[in-house]
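Spelled out from the first residue to the last, the chains are:
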Amino acid sequence: MWRWLIPLSVVPVLGLLAYGFRVNPRDIPSPLVGRPAAPFVLRTFDGRDVSLESLRGRVVVLNFWASWCYPACYEEAPALERSWRAYRGREVSVVGVAIQDQPDAARKFIADFSLSFPNAPDPDGKVSVDYGVYGVPETFFIDRAGRIRRKQTGAVSDDLFRREVEKLLGEPA
Amino acid sequence: MIPELGQGALVVGIVLAVYGAIAAAAGAQTGRPALIESAQRAALAVFALVTACFLLLAYAFLTFDFSVRYVAHQTTLSTPFYYRVTAVWGALEGSILLWAWMLALYTLIVVLRHRGERDLYPWALSVMLGIIAFFLLVMTLPAPPFERLTPVPADGRGLNPLLEDTGMITHPVALYLGFTGFTVPFAFAMAALVTGRVGDAWITTTRRWTIVAWYFLSLGLLIGGWWSYHVLGWGGYWAWDPVENAAFMPWLTGTALLHSAMIQERRRMLKLWNISLVILTFGLTIFGTFLTRSGVIASVHAFSQGSIGAFFLAFLGLVLLVAFGGLAWRWDRLTAQGELDSILSRESAFLLNNVFLVAAAFTVFFGTVFPLLSEAIRGVKVSVGAPFFNQVNVPLFLSLIFLMGVGPLIAWRRASIDNLKRNFLGPVAIGLVAAAVLHLVGVRSTLAVLTLALALFAAATIALDVLRGTRARLRTGAGLARAVTGLLLRHNRRYGGFVIHLGILLVALGVTGSQAWSVQTEATLKRGQAVEVAGYRFRFEGLSATQESTHARVVGTFAVSRGGGAPIVMRPSKKFYRQEQAPIAGVDYRMGLTEDLYLVLGDFARDGSAATVKVLVNRLVSWIWIGGLVLTLGALLAIVPDDRAA
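Residues numbered from 1 in each chain as written. Chains lettered and ligands numbered in written order. Predicted model: local features only at pLDDT ≥ 70, side-chain atom pairs only at ≥ 80, totals over all residues. Heavy atoms only, no water.

A. Here's a closer look at a nonpolar patch on the surface. Taken together, the side chains of W2, L5, L8 and V11 of chain A together with L321 of chain B present a nonpolar region at the surface, about 520 Å² in accessible area. The class for L321 of chain B is partly exposed, based on a relative accessible area of 34%. (Patch = residues over 30% accessible without salt bridge, like charges linked within 9 Å, V, L, I, M, F, W, Y side chains within 5 Å. Areas by Shrake-Rupley, 256 points an atom, 1.4 Å probe, with all protein chains shown as cover. Salt bridge = Lys/Arg side-chain N within 4 Å of Asp/Glu carboxyl O. Buried < 20%, exposed > 50% of the residue type's maximum accessible area, 1.4 Å probe, protein only.)

Right under this line is the structure:
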């Protein structure tokens, strides 16, 4: 009877591989979660300055994207815009950072999705290095006290945005 | 129009493939030839339909039909003709189509060669059509090449620029011919299990198929290494990346199969083992596709993901459970066999070779899935890199080189002391002298000395054998040229194998040389400044910029000289693509038998006054590619029709 162990031994291997669907190999835990977010000052595409300091006391959703990042950035852009419109009156700021992008392509991306939250290039890549960005899109949820509370690798959905932001809004400043 | 036509052809193809699989099985079971003939016609129709799909997709690419989503994602209007052709299989959907087409082609050849046979062939045909049906199913559900894109964009997105290379026509084609080729021995092995005729018939029937598949897989791996070497700009050709491992594992088990099949033919041993190996090899080709397409394991190869992973996993599970289930079912017939007479025999040398090859396949498998295992059991993310793979595999490969020398000359059954002396005294002496000489001329790397000495030992056994055979023929009065060609052709399998061994030894030489003696440096140079590496002077002459059809290019000019010789000019570049975040290296290299010069342009000042350059002097790398050519000759020799059998 033990000969049937040969086909049966396949089962745990298959189980392990199936388990692989549930985890994302690119989802690397960020050591920055729980730490104060690195300060930044950025000049947006329409020429205004935006800094983390000026947003202190608000919940900040810091989203790193690029126009060449298809499909994830194209998926999440409408969700981010919708969520930003839904929460803009409630002490929530969304800041987009286009990394390693060409200005024209990035502007076209912003126009295509009618993004109305501030979006800025990161010309020397300093901000993305400070936040340890591996790839795009990555999104950091920063609480009112200026600490990084969650890092999302991959597209942000409406649900995820609502869940994280509601949690952080519920906390005192 | 094209999406509908293609989709229609696919659906009809699935129906026919499933019908053919059932008809062939029913025909085999009931012994009604009409059913088998009907299945053959279905196989022919499937081949025609998949070919039509392929041509339709190619046509869509050539005419920039952006109503096909796949075309829009893989080309732009500026993509040149040549890359529009290779773009057909440049990404997931098209590569599955290529796979299916090759399977259909192999099936067609099997039909042409074996039609009329009664024993194994109908079942093998059934298995092959079933496998084709799976791939066609993948093309209709998770990876549809003919999906429509609405609205139709004015321009497409463009191919990954790394794939704009001549290697992209040959690498996937060779690799897939290898992967799909193992379907044939697998199908015949399954037929053997179903019918209970587990003797040597399936082995002898599929011997050439296995060599062909093995050869294409080897070629695919080598071209992949070549592509990595001259396109990626890191100066290496192999990185133990999961995707590379995915193609290497079936190569290891396939190599084991090639050797152990000889023992079954000769000594009626290892039936169970051979069936297991062919199942493993075929399973690993499916596993490889699963690995590269599922996104389960992180790899530098940024391949697409989606539900396709689940499809392949389910198929892999089905294949392994059914095949190993059949093996357990036929256990009693598979275990009746000859016995090993002595440790000192060719059988045991081949057996050891198999143990080492399968051990290597297992360690590669283990290292590849270990990150998954670690996360599942301990919740810890780890990555397994080159040091692990090198450490466990280098001793195994060294042992294999040693066995490569021993196996072909040691006697079957039981080697006498006399046999050992006669065959190995000379080669062992050559190996020892080589080691001593290498040490004396100052080679300090123990690993390099060991590898080269073992390789020379193995090469000496081959030379000894050829020498003896030729001398025997000369005695019959033939001229030297006729004696050698006569020997090679008369025993083409044996000498084909020897030539392949020589090819592998040359690859080993290249790998050893490049690992042990390559040097590299990185320098930032102002215009007119030079850096010296390994006796060469690399002087930075300046930068220039050009606009090509798909990208902008910044070119650095370097004058390279050695001693007082006239300088040559090398032009490494950086290519900037609209759709890519980072620029792509345009490596410039000069290949040579002893060393390659290899320049990669790094950062540069915009005004062209300074540039960073990575300079590599890679030793003996060319022998890897030469080894590939020799291997090709050997494979050709091994599959030419046996004149003895005629």
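B. Structural detail: empty space enclosed by the protein. Residue and element names in this part refer to chain A. Across all of its chains, the model carries two cavities of 30 Å³ or more by this definition. One number sums up the size of the second largest cavity: a volume of about 40 Å³. Residue lining of the second largest cavity: N63, W65, C73, E76, A77, L80, F109, L115, F117 and N119, and that is the complete set. Listed by contribution, the elements that provide at least two residues to the lining of the second largest cavity are β3 (59-65) and α3 (72-87). Looking at side-chain class alone, the lining of the second largest cavity contains seven nonpolar, two polar and one charged residues. (1 Å grid on protein atoms, 1.4 Å probe; cavity = no way out; pocket = protein on both sides within 12 Å on 5 of 7 lines; lining within 4 Å. Points joined across faces, edges and corners; volume = space filled by probe spheres on them. Helix = DSSP H or I, 4+ residues; strand = E, 2+ residues; numbered from the N terminus. Nonpolar A, V, L, I, M, F, W, Y, C, P; charged D, E, K, R; others polar.)

C. Representation of the domain arrangement of chain B. Residues and elements named next belong to chain B. Each assigned domain of chain B is listed with its residue range as follows: domain 1 (1-164), domain 2 (198-279 + 291-301 + 328-415), domain 3 (416-517 + 627-639) and domain 4 (519-620). Taking only C-alpha atoms, the centre of domain 2 and the centre of domain 4 are 39 Å apart. The partner domain 4 presents ten residues to the seven residues of domain 2 that form the contact. The contact between domain 2 and domain 4 buries some 690 Å² in all, and 53% of this surface belongs to carbon and sulfur atoms. (Domains from an automatic or database assignment. Contact = heavy atoms within 4.5 Å. Buried area = accessible area lost by both parts, 1.4 Å probe.)

D. Spotlight on the side chain of S95 of chain B. Residue and element names in this part refer to chain B. Among the structural elements, S95 can be located in helix α5 (residues 92-114). Within polar-contact distance, the side chain of S95 engages the backbone oxygen of L92 at 2.8 Å. Among residues more than four places away in sequence, those in contact with S95 are Y70, V88, W89, Y176 and R293. (Polar contact = N/O pair within 3.5 Å; in protein donor to acceptor, adjacent residues only side chain to side chain.)

E. A look at the sheet that holds strand β10 (residues 610-619) of chain B. All names here are of chain B. As summarised here, the arrangement of the four strands in space is β1-β10-β9-β8, forming an open sheet in which the pairing is antiparallel. Whereas interior strands pair on both sides, the edge strands pair on one side only; in this sheet they are β1 (519-526) and β8 (588-590). Between one strand axis and the next, the sheet turns by 20° as a mean value, whatever way the strands run. Against the sheet, helix α9 (residues 201-231) touches β8, β9 (595-604) and β10, its axis set at about 50° to β9. (Pairing = 2+ DSSP bridges. Axes fitted to C-alpha atoms, helices over the stretch in contact; angles between N-to-C directions.)

F. Layout of the sheet that holds strand β7 (residues 148-153) of chain A. Residue and element names in this part refer to chain A. Across the sheet, five strands lie side by side as β5-β4-β3-β6-β7; this open sheet has mixed pairing. Two strands close off the open sheet at either side, each with one partner strand: β5 (119-121) and β7. Each neighbouring strand pair of the sheet contributes to a mean axis angle of 20°, computed without reference to strand direction. Pairing analysis gives five bridges linking strand β6 (residues 138-142) to β7, with the strands arranged antiparallel. In the sheet register, F141 faces β7, and the bridge partner there is R150. Against the sheet, helix α6 (residues 158-169) makes contact with β3, β4 (92-98), β6 and β7, and its axis sits at roughly 20° relative to β6, the strand it touches most.

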